[in-house]
Structure formats: structure tokens, C-alpha cells
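A closer look at the structure
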Amino acid sequence: MPFFALQILLNAQIIYICNSKNKNEYLNMKLLEGKVAIITGASRGIGKGIAEVFAKHGANVAFTYSSSAASAEALEAELNSLGVKAKGYQSNAADFNEAQAFVDAVLADFGTVDILINNAGITKDNLLMRMSEADFDQVIDVNLKSVFNMTKAIQKTFLKQRAGSIINISSVVGVSGNAGQTNYAASKAGAIGFTKSVALELGSRNIRCNAIAPGFIETEMTAKLPEDVVKGWRDGIPLKRGGTTEDVANACLFLASDMSAYVTGQVLNVCGGMLT
């Protein structure tokens, strides 16, 4: 298409959107209407933020939690109040059999799955010389093996319907490393390698797999830190602020929706410029 023709088309789209009626329709557009999303570890933090944004965009949400039943019940009620179907399941994604049982339960309850968000994660930070084998193994199990377990469990469904979007929540630490986090960095770097390999394996079946690498995201956990520590982190970020769970959720929304239909095998850094 000639450049001038493309410019005319873009101008026409801008005029259409700027019309008050059309603008309201555009702003109220739900990008995940009728889709079913699985989100692991969604009772708080980033996972909760993703669940809330997805529900606002019309997605039905099945999510896991480990022990905080009260938080899970509150989130389930919140999401259902938005007019979508939502259900929380107590399940350990790091356990291969539990992951498969969870996916089977979701398929029975929701009928299908369109989106998988592998978000479950923990930290057990320490210097390498002080890190125990148990702390290393547990972080790898929860942060990395769970990604394998859940992807393996949903693979047949996605292959059968020849469609699906998998989004793995990694970290800037998985890209750049960080002293005192060898276990966490290894798990998040592993998730990136896994993401790229799955994208290559399943791309021919219209199954996309991408990763998001959040930077310093302010959650309930960071709220407990001393203010001077948090300020020091903010000052080291080019945008001079910590990220919000909504910042990460909006990136997930893009990768889960048809807006990213030609995007796979990529790592999207949501870090305020930390990795620039």
C-alpha cells in the first residue's frame, strides 16, 4: 500500500475514533470477550492484578492459590461481580499431577481454555555460599517446573483447537542476573528459554508463547519495606517510579489478545527502563 494511502486510512481511523459515540465504543472495547484464562498464583500481587484486568476485558478467569483461601474467595467474588465467570482452585502448579488435575477441572467447569498465564512464583534469597540445596530446589520447582507442568497440561487442548496464548511471567533478574538471587535468576532465565523453545515448537499450530519480565513492581510485599529502601529503588529507575500490577497486567492483556496475533517467542520488559 502506498504511503499516502496508508496515511489517509490512518487519518480516517482517527476521525472515526474521535467521534464521541465511536470514542466511547473504542474505550469500552473488551479485548478478551468470552475467552477463558488460567492464571496461576493469582490471589495477590501481580497475579491478582492480571485477573482483574482480564475480567474487566470480558475474560472468564480460573485461578490458583496456595493457602490464602480468604483472599481467593474475595477475588472470586470481585471478578464475578464484573459479569464474568471466575473460580479459584487450591492447587500446587509445581506438582505435575496436581497441575494436570487442575487443568482437567477447569476444562470441566469452563468448557475450554484460551489463555495460560504462568505467574506462580516465590523467592528464597541468599548469597550462594549461604544458600541451601532445599532453597534452591524449591524456587526452581515453583518458578520453573510449574511452567513446564502447566504448559504440558494445557498443550493437548491448545493443539486440538489450533489456538492458544501462553504467557510466562519471568523477571528482569532472569535477563540480567542479581547478586543474592542465583536460584531466582536461574528459574526466571529458564522460563525465558522455555518460552522461546515452546514458541518454536508450537507456532505452526497457531499457539503463541511469550514472556514478560517485570522490574520493580510495588505490591503488598514491597509495601512492608522501609520507605528509604523503596525510594532508593525508585531513584535508580529511569521513569523514577515503581511499576504497578496494572502495568504488568496491561502487557499481559496485549499478549493474550488478538492485538499480538503475530507476536511469539518474545520477552517484553516491563521495568520502567531498568534494562535500557
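See the structure printed just above.
To keep things clear, this report deals only with the structure shown in the data block. Just so it is clear, the model here is predicted, and its values are computed rather than measured.

1. Brief notes about the overall build of the protein chain
Helix and strand content of the protein chain: 10 helices and seven strands. If you line up the protein chain on its principal axes, its C-alpha atoms span 65 × 45 × 40 Å. By residue count, 43% of the 276 residues in the protein chain fall in the buried class. Restricting the contact set of the protein chain to residue pairs at least 6 apart, pairs at least 24 apart contribute 74%. For the protein chain, the accessible area works out to roughly 14300 Å², and carbon and sulfur atoms hold 55% of it. The distance from the centre of the 25 positive side-chain charges to the centre of the 25 negative ones in the protein chain is 6 Å.

2. Points about the nonpolar core
Core analysis: the biggest nonpolar cluster contains 33 residues, and Ile39, Ile50, Phe54, Phe63 and Ile212 have the highest contact counts within it. By residue number, the principal contributor to this core is helix α10 (residues 245-256), which donates seven residues. Not counting residues up to four positions away in its chain, the partners in contact with isoleucine 39 are Gly47, Ile50, Ala51, Phe54, Val61, Ala62, Phe63, Thr64 and Ile117. If you look at the next biggest cluster of nonpolar residues, it comprises 22 residues, including Ala99, Phe110, Leu116 and Val198.

3. A closer look at the pattern of salt bridges
Pairing is possible between side chains that carry opposite charge, provided their charged atoms lie close to one another. Evaluated as defined, the whole model comprises five salt bridges. A salt bridge links glutamate 218 to arginine 234; the nearest nitrogen and oxygen atoms lie 2.8 Å apart. Of this pair, glutamate 218 sits in the loop between β6 (207-214) and α9 (227-235) while arginine 234 sits in helix α9, and the two are 16 residues apart along the sequence. For glutamate 218, a relative accessible area of 29% puts it in the partly exposed group.

4. What about the sheet that holds strand β3 (residues 86-90)?
Within a sheet, neighbouring strands are paired by backbone hydrogen bonds and run either parallel or antiparallel to one another. Spatially, the seven strands line up as an open sheet ordered β3-β2-β1-β4-β5-β6-β7, and their pairing is parallel. Looking at which strands have only one partner, the edges of the open sheet turn out to be β3 and β7 (267-270). Neighbour-to-neighbour, the strand axes of the sheet open up by a mean angle of 20°, direction not taken into account. Examined bridge by bridge, strand β2 (residues 60-65) and β3 share five bridges and lie parallel to one another. Counted as the bridge partner of alanine 62 is lysine 87 from β3.

5. Concerning the pairing of strand β5 (residues 164-169)
When you tally the buried positions in β5, you get six out of six residues, the bulk of the element. Residues Gly164, Ile166 and Asn168 of β5 are buried on one face, and the alternating residues Ser165, Ile167 and Ile169, pointing to the opposite face, are buried as well. Examined bridge by bridge, strand β4 (residues 115-118) and β5 share four bridges and lie parallel to one another. Note that in β5 the partner of isoleucine 115 across the bridge is serine 165. Regarding the hand of the β-α-β motif, the stretch spanning β4, helix α6 (residues 133-161) and β5 is right-handed. With six bridges joining them, β5 and β6 adopt parallel strand pairing. Along β6, the bridge assignment pairs isoleucine 166 with cysteine 209.

The rules we used
- Along each chain, the written sequence defines residue order, and numbers are assigned to residues from 1.
- Given that this is a predicted model, residues contribute local features only at a pLDDT of at least 70 and side-chain atom pairs are listed and counted only at 80 or more, while totals for whole chains, interfaces and linings are drawn from all residues.
- Only hydrogens and water are removed before side-chain values are computed, so all heavy atoms of the structure are retained for them.
- Secondary structure is summarised from DSSP: a helix means a run of H or I of at least four residues, a strand means a run of E of at least two, and numbering begins at the N terminus for each.
- The buried label goes to any residue with under 20% of its type's maximum accessible area, the exposed label to any with over 50%, and the partly exposed label to all in between, with areas taken from a 1.4 Å probe on protein chains only.
- What makes two residues a contact is simply this: any of their non-hydrogen atoms within 4.5 Å.
- In this description, accessible areas are obtained by the Shrake-Rupley approach with a 1.4 Å probe, and a residue is regarded as covered only by the protein chains that are shown.
- When charges are counted, Lys and Arg are positive and Asp and Glu negative, with His and the chain ends excluded.
- Think of each charge as sitting on NZ of Lys, CZ of Arg, CG of Asp or CD of Glu.
- Throughout this description, the term nonpolar core refers to a set of buried Ala, Val, Leu, Ile, Met, Phe, Trp, Tyr and Cys residues connected via side-chain atoms within 4.5 Å.
- For salt bridges, the criterion is a side-chain nitrogen of Lys or Arg within 4 Å of an Asp or Glu carboxyl oxygen.
- By the convention used here, strands pair only if DSSP detects at least 2 bridges between them.
- With axes taken as lines fitted to C-alpha atoms, and helix axes fitted only over the stretch in contact, angles between N-to-C directions fall between 0 and 180 degrees.
- The handedness of a crossover follows from its direction of travel: if, with the strands pointing away from the viewer, the path from the first strand over the helix to the second runs clockwise, the crossover is right-handed.

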